[in-house]
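# Structural overview for review
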Amino acid sequence: MTDPDKPTVYLTAFMDYICPFCFIGDLRLERLRREFTLRIHWRLLEIHPDTPEGGRPVDELGYAPEQWRGMMTSLEEMAATEGITLARRERTANSHYALLLAEAAKDDGAGTFYPLHRRLFEAYFVEGRDLGDPETLTELARDAGVPRATRDRAWGDGGYELRLQQNLAAARKAGITGTPTFLIGERRLEGAQPTEKLRAAAQEAAQ
């Protein structure tokens, strides 16, 4: 139910569940819900579609060692400010089936989508679970209360594959090359933006 005392803000978020800065960005968006009614169009993107179903070592992602260490230090500092301790990851996962599951959950409404959305992020980044493993995804979906019919639809209905393709096409059309990217009113914010910047964009969009 919409709170009449909170301004409504519409935004689009391009993200993936294996993107650590997307997790941080999502936590910061949650803070804004105290001040705004957020209507978010989640555009789910597979950032490493070439990752095999069994995942692959993070040192094969193509980052120079110094760049990777710098990214991880920055990420750990941001997570600490959000009260989160991240699991150490030696491998990345193929997120394709997780994204299909989330797209199907979106069709069931916010009451199905958001518990799953949060569970996927927490499972991957806090618990170190493998989002590329179908059994793990089934367990996480059950934890989040996603109906079995939704799970079956996610992985059996080709319409969700098409939706992921449409998300990718929308990102390319907008010139978006990384996640997270937030489109809030006239502003385009890339990466894990400080809460203050997200708030400023939301205030501007609400006017």
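Quick look at the structure, then.

Conventions used here
- Residues numbered from 1 in each chain as written.
- Predicted model: local features only at pLDDT ≥ 70, side-chain atom pairs only at ≥ 80, totals over all residues.
- Heavy atoms only, no water.
- Core = buried A, V, L, I, M, F, W, Y, C linked by side-chain atoms within 4.5 Å.
- Buried < 20%, exposed > 50% of the residue type's maximum accessible area, 1.4 Å probe, protein only.
- Contact = heavy atoms within 4.5 Å.
- Pairing = 2+ DSSP bridges.
- Helix = DSSP H or I, 4+ residues; strand = E, 2+ residues; numbered from the N terminus.
- Axes fitted to C-alpha atoms, helices over the stretch in contact; angles between N-to-C directions.
- 1 Å grid on protein atoms, 1.4 Å probe; cavity = no way out; pocket = protein on both sides within 12 Å on 5 of 7 lines; lining within 4 Å.
- Points joined across faces, edges and corners; volume = space filled by probe spheres on them.
- Nonpolar A, V, L, I, M, F, W, Y, C, P; charged D, E, K, R; others polar.
- Salt bridge = Lys/Arg side-chain N within 4 Å of Asp/Glu carboxyl O.

Proteins that are soluble and globular tend to have nonpolar side chains buried together. Grouped together as the largest cluster of nonpolar side chains are 55 residues, with contacts concentrated most on Tyr 17, Leu 29 and Trp 42. When residues no more than four places from it in sequence are discounted, the contact partners of Tyr 17 are Leu 44, Leu 99, Ala 102, Phe 113, His 117, Leu 120, Phe 121, Tyr 124, Phe 125 and Leu 131.

Now for the sheet that holds strand β2 (residues 37-44). Read across the open sheet, the four strands follow the order β2-β1-β5-β6; overall the sheet is mixed. Two strands lie at the open edges of the sheet, namely β2 and β6 (187-190), each paired on one side alone. Across the sheet, the mean angle from the axis of one strand to that of its neighbour is 20°, orientation sign disregarded. As paired strands, strand β1 (residues 8-15) and β2 are joined by eight bridges and run parallel to one another. Across the sheet, Thr 12 pairs through a bridge with His 41, a residue of β2.

Now for the layout of surface pockets. Looking at the largest pocket, its volume works out to about 610 Å³. As for the largest pocket, its lining consists of 29 residues, of which Pro 20, Trp 68, Met 72, Leu 75 and Phe 125 are closest to the centre. Residue assignment for the lining of the largest pocket shows that the elements contributing at least two residues are α1 (20-32), α2 (65-81), β4 (91-92) and α4 (110-125). Across the lining of the largest pocket, the residue classes tally to 19 nonpolar, five polar and five charged.

This part is about the pattern of salt bridges. Under the definition given, this model contains 18 salt bridges. Between Arg 129 and Glu 139 there is a salt bridge, with the nearest N and O atoms lying 3.1 Å from each other. Remark: Glu 139 occurs in helix α5 (residues 134-143) and Arg 129 occurs in the loop between α4 and α5; sequence separation between them is 10 residues. For Glu 139, a relative accessible area of 33% gives the class partly exposed. Salt-bridge contacts for Glu 190 lead to Arg 188; the nearest nitrogen and oxygen are separated by 3.1 Å. By relative accessible area, Arg 188 is classed as partly exposed at 36%. Through salt bridges with shared partners, a single ionic network connects Arg 119, Glu 127, Arg 129, Glu 139 and Asp 143.

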